[in-house]
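# Per-entry structural report
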Amino acid sequence: DEFLYATDNAAVLNVRSDSWSFAHDKLRESILRDLDDTARQTRHRQVAEAIEATYADNDDYDERLLHHWHHTDDREKEFTYLEKTVFRLIYRRPSYNRCADLIDRSLTHYDENDPRYTQMLVEKAEAVRWSGNFVRAEAVADGALSLARKQNAKSLIGASLRVLAPIYLHQG
């Protein structure tokens, strides 16, 4: 605590809403830039674990947790928070473009033979469909359907078709 108060007095850290944060984004960016990859992953893991311990059942922190787990090597944790965040951004607090962007960012960590990759393509197609871009949604859902068929994943085939059905109805 003494260290935190000293940094607050030096205008390095501030307290806002009972939370410590850097006084200036440039300070935070500089410190993060100077860390090597292993140290950066370790810090992201520590922050994620602290958030999980402090806000265990508060889904308001899911997107922050997704961010931190994305920057570690723990794909299971990343996927857990990706699923939760995607659900929230499609169905509870719609932000379809943000949802599609987060999925794109996370898909870089998964092989397209992984059913989780296909599942997230289905969710991306759903978000894009809800944004009103039916042409793009159809292309994404078709890609998911193709992968689901290659994986012989019947539930993902069904989910892809569930997204495609309203698109086809809209197109007449």
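Residues numbered from 1 in each chain as written. Predicted model: local features only at pLDDT ≥ 70, side-chain atom pairs only at ≥ 80, totals over all residues. Heavy atoms only, no water.

Turning to the overall build of the protein chain, a few remarks are in order. For the protein chain, the helix and strand inventory stands at nine helices and two strands. Walking the protein chain from its N terminus toward its C terminus, one meets helices and strands in the order α-β-β-α-α-α-α-α-α-α-α. In the protein chain, of all internal contacts separated by at least 6 residues, the share reaching a separation of at least 24 is 48%. Accessible surface computed for the protein chain: about 10300 Å², of which carbon and sulfur atoms make up 50%. (Helix = DSSP H or I, 4+ residues; strand = E, 2+ residues; numbered from the N terminus. Contact = heavy atoms within 4.5 Å. Areas by Shrake-Rupley, 256 points an atom, 1.4 Å probe, with all protein chains shown as cover.)

In total, this model carries 14 salt bridges according to the counting rule given. The partner of Arg-88 in a salt bridge is Glu-63, and the shortest N-O contact between them spans 3.0 Å. Remark: Glu-63 occurs in helix α4 (residues 62-70) and Arg-88 occurs in helix α5 (residues 75-92); sequence separation between them is 25 residues. Among the residues examined, Arg-88 registers a relative accessible area of 9% and is labelled buried. Between Arg-75 and Glu-78 there is a salt bridge, with the nearest N and O atoms lying 2.7 Å from each other. (Salt bridge = Lys/Arg side-chain N within 4 Å of Asp/Glu carboxyl O. Buried < 20%, exposed > 50% of the residue type's maximum accessible area, 1.4 Å probe, protein only.)

With that settled, consider the packing of helix α8 (residues 134-151) against helix α9 (residues 154-171). One way to put it is that α8 packs onto α9 with a least axis distance of 9 Å and a crossing angle of 150 degrees. Between α8 and α9, the angle falls in the class roughly antiparallel. Remark: the crossing between α8 and α9 carries left-handed chirality. Contacts from Phe-134, Ala-137, Glu-138, Ala-141, Asp-142, Ala-144, Leu-145, Ala-148, Arg-149 and Gln-151 in α8 reach Leu-156, Ile-157, Ser-160, Leu-161, Val-163, Leu-164, Ile-167, Tyr-168, His-170 and Gln-171 in α9. (Axes fitted to C-alpha atoms, helices over the stretch in contact; angles between N-to-C directions. Parallel < 35°, antiparallel > 145°, perpendicular 65-115°, else oblique. Left-handed = near helix turned anticlockwise from the far one by under 90°.)

We now examine the confidence of the model for the protein chain. Detailed reading of predicted coordinates is not advised where the pLDDT is low. The share of residues in the protein chain with pLDDT of 70 or more is 81%, and the mean pLDDT across the chain is 87. Mean pLDDT across the elements of the protein chain bottoms out in helix α1 (residues 2-9) (54) and peaks in α8 (97). (pLDDT = per-residue confidence, 0-100.)

Let us now look at a nonpolar patch on the surface. A surface patch of nonpolar side chains, amounting to about 340 Å² of accessible area, comprises Phe-87, Tyr-91 and Trp-130. With respect to the element layout, Trp-130 can be found in helix α7 (residues 115-130). (Patch = residues over 30% accessible without salt bridge, like charges linked within 9 Å, V, L, I, M, F, W, Y side chains within 5 Å.)

Take the environment of His-109 next. Of note, His-109 is situated in the loop between α6 (96-107) and α7. Between the C-alpha atom of His-109 and that of Phe-79, which follows or precedes it by 30 residues, the distance is 9.9 Å. Not counting residues up to four positions away in its chain, the partners in contact with His-109 are His-70, Arg-75 and Glu-78. Polar side-chain contacts of His-109 include one of 3.0 Å to the side chain of Glu-78. (Polar contact = N/O pair within 3.5 Å; in protein donor to acceptor, adjacent residues only side chain to side chain.)

With that out of the way, let us pick up the nonpolar core. Counting residues in each nonpolar core, the largest one holds 40 residues, and the members touching the most others are Leu-65, Leu-82, Val-86, Cys-99, Ile-103, Met-120 and Leu-121. Mapped by element, the contributors of at least two residues to this core are α3 (37-54), α4, α5, α6, α7, α8 and α9. The residues contacting Leu-82, other than those within four sequence positions of it, are Leu-66, Leu-102, Ile-103, Ser-106 and Met-120. (Core = buried A, V, L, I, M, F, W, Y, C linked by side-chain atoms within 4.5 Å.)

Enumeration over the complete set of coordinates arrives at four aromatic pairs. On the basis of an interplanar angle of 45 degrees and a centroid distance of 5.1 Å, the ring pair of Phe-87 and Tyr-91 is categorised as tilted. In this pair, Phe-87 and Tyr-91 both sit in helix α5, four residues apart, roughly one turn of the helix. Where Tyr-96 meets Trp-130, the ring centres are 6.5 Å apart and the plane angle is 20 degrees; that geometry is what we call stacked. Here Trp-130 lies in helix α7 and Tyr-96 lies in helix α6, a separation of 34 residues in the sequence. Residue Trp-130 is classed as partly exposed on the basis of its relative accessible area of 46%. The cationic tip of Arg-116 hangs over the ring face of Phe-79; the distance from NZ or CZ to the ring centre is 5.5 Å. (Phe/Tyr/Trp six-rings, centres within 6.5 Å; stacked < 30°, edge-to-face > 60°. Lys NZ or Arg CZ within 6 Å of the ring centre and 35° of its normal.)

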